[in-house]
Amino acid sequence: SEAKSGRTDLIFLIRFRHCCLLRNQRCIVAYLYDRLLRIRALRWEYGSILPNTIQFHMSAEEVEWFNRYKKSLATYMRSVGGEEGLDLTQDIKPPKSLYIEVRCLRDYGEFEIEDGTTVLLKKNSQHFLPRWKCEQLIRQGVLEHILS
Amino acid sequence: DSDGGSEELVLTPAQLIRSLEQAWLNEKFAPELLESKPEIIECVVEQLDHMEANLKRAKTGDLKVSVHRMEIERIRYVLSSYLRCRLVKIEKFFPHVLEKEKSQAEGEPSILSPEEFAFAKEYMANTETYLKNVALKHMPPNLQKVALLKSVPKPNLDSFVFLRVLERQENILVEPETDEQREYTIDLEEGSQHLIRYKTIAPLVASGAVQLI
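On a predicted model such as this, the values are computed, not experimentally measured, just so you know.

How each quantity is defined
- Residues numbered from 1 in each chain as written.
- Chains lettered and ligands numbered in written order.
- Predicted model: local features only at pLDDT ≥ 70, side-chain atom pairs only at ≥ 80, totals over all residues.
- Heavy atoms only, no water.
- Pairing = 2+ DSSP bridges.
- Helix = DSSP H or I, 4+ residues; strand = E, 2+ residues; numbered from the N terminus.
- Axes fitted to C-alpha atoms, helices over the stretch in contact; angles between N-to-C directions.
- Patch = residues over 30% accessible without salt bridge, like charges linked within 9 Å, V, L, I, M, F, W, Y side chains within 5 Å.
- Areas by Shrake-Rupley, 256 points an atom, 1.4 Å probe, with all protein chains shown as cover.
- Salt bridge = Lys/Arg side-chain N within 4 Å of Asp/Glu carboxyl O.
- Lys, Arg positive; Asp, Glu negative; His and termini not counted.
- Charge placed at Lys NZ, Arg CZ, Asp CG, Glu CD.
- Domains from an automatic or database assignment.
- Contact = heavy atoms within 4.5 Å.
- Buried area = accessible area lost by both parts, 1.4 Å probe.
- Polar contact = N/O pair within 3.5 Å; in protein donor to acceptor, adjacent residues only side chain to side chain.
- Nonpolar A, V, L, I, M, F, W, Y, C, P; charged D, E, K, R; others polar.

### Remarks on the sheet that holds strand 4 (residues 126-130) of chain A
Residue and element names in this part refer to chain A. As summarised here, the arrangement of the 3 strands in space is 4-1-5, forming an open sheet in which the pairing is antiparallel. The open sheet terminates on both sides in strands that have one partner only, identified here as strand 4 and strand 5 (143-145). Looking at each pair of strands side by side, their axes are set apart by 40 degrees on average, direction ignored.

### Remarks on a negative patch on the surface
The grouping of Glu 83 and Glu 84 of chain A together with Glu 39, Glu 42, Glu 46 and Asp 49 of chain B at the surface amounts to a negative patch. Within the fold, Glu 42 of chain B resides in helix 2 (residues 38-57).

### Focus on the domain arrangement of chain A
Taken domain by domain, chain A holds domain 1 (1-79) and domain 2 (99-145). Measuring from the centre of the C-alpha atoms in domain 1 of chain A to the corresponding centre in domain 2 of chain A gives 39 Å.

### With respect to the interface of chain B and chain A
With 36 residues of chain B at the interface, the matching set in chain A holds 38 residues. In total, chain B and chain A occlude about 3,400 Å² of area from one another, counting both sides; carbon and sulfur atoms represent 68% of this. At the boundary of chain B and chain A, one finds 2 salt bridges. Salt-bridge contacts for Asp 91 of chain A lead to Arg 76 of chain B; the nearest nitrogen and oxygen are separated by 3.4 Å. Here chain B is connected to chain A by 12 residue pairs in polar contact (both at pLDDT 80 or more). Sorting the residues of the side of chain B that touches chain A by element identifies helix 2, helix 3 (62-92) and helix 5 (114-134) of chain B as the ones contributing at least two each. Element by element, the count of residues in the side of chain B that touches chain A is highest for helix 3 of chain B, at 14 residues. A breakdown of the residues in the side of chain B that touches chain A according to their chemical character gives 19 nonpolar, 6 polar and 11 charged.

Here is the structure:
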């Protein structure tokens, strides 16, 4: 409206101010978007339940974004691959061997494997378990893959 | 016997897995999201279910079971890796991917499967809502929108890729990189390997004439 009143000396000031505002908007959006990308990475790293320490650092809206994202991802994964879907957060690395030697880093409790037998995962116990069953627990820090 | 609804010739399991591996490698090395391959995915899933069912019925004659299990694990890894690669690209380029899918003409193959399309739309809506509620709605009226198509970077089609030629191609037009150069044509001999800009050979990847490595 100041431009309409014909005060041409103000036009440059207005344009400059507009550029500053646009830049600020870009910075804010870039910062927020970058945080979202990191939060997204957390779903793939930690699973669908985030540790409290991390949740503590997230805003309410970010938690909501995360919940919507993981729901959307779950819907997609269920739609691929037959009846149960395909959990894409598993099988991150190419399989080298069927069974791996793992050490338990903290008490976890009972853990069921393929043929119905259960294993008690106590701190410092070692087990020879099917690789595909351990992936999630290794990523969560419950088990440690022992490389001989 | 894995034709699962495809209208083309029946592939043997070995051919099916090779198709999957080719699609996987292409997707891994291409800078943009490639055509979706629903037939391959459907057949591979069927194949995996089939193999799992066989394993459950088999006696614990150790060696054979282990080998088959390993095979299942490997195939599942390739399939997961392929789908993950696509998801990463969909999320990274979400406004462009959705735009491209919308502007695909009738009869042209889809970039996104229906499920991927739903996922992409949800991702976009989720992100837009978040940005609006956290930042944009507090801004001056003329700054309350962000043009996602302009702000989110596009895939770099000029990036270089390695490829192996599967079908001989003649007279491929290579565009100059600098102003001093001029465009020239090359022939791609079957079996030869090249390092070339993706944009130049993008249609050949789609047609299966070359394989990215």
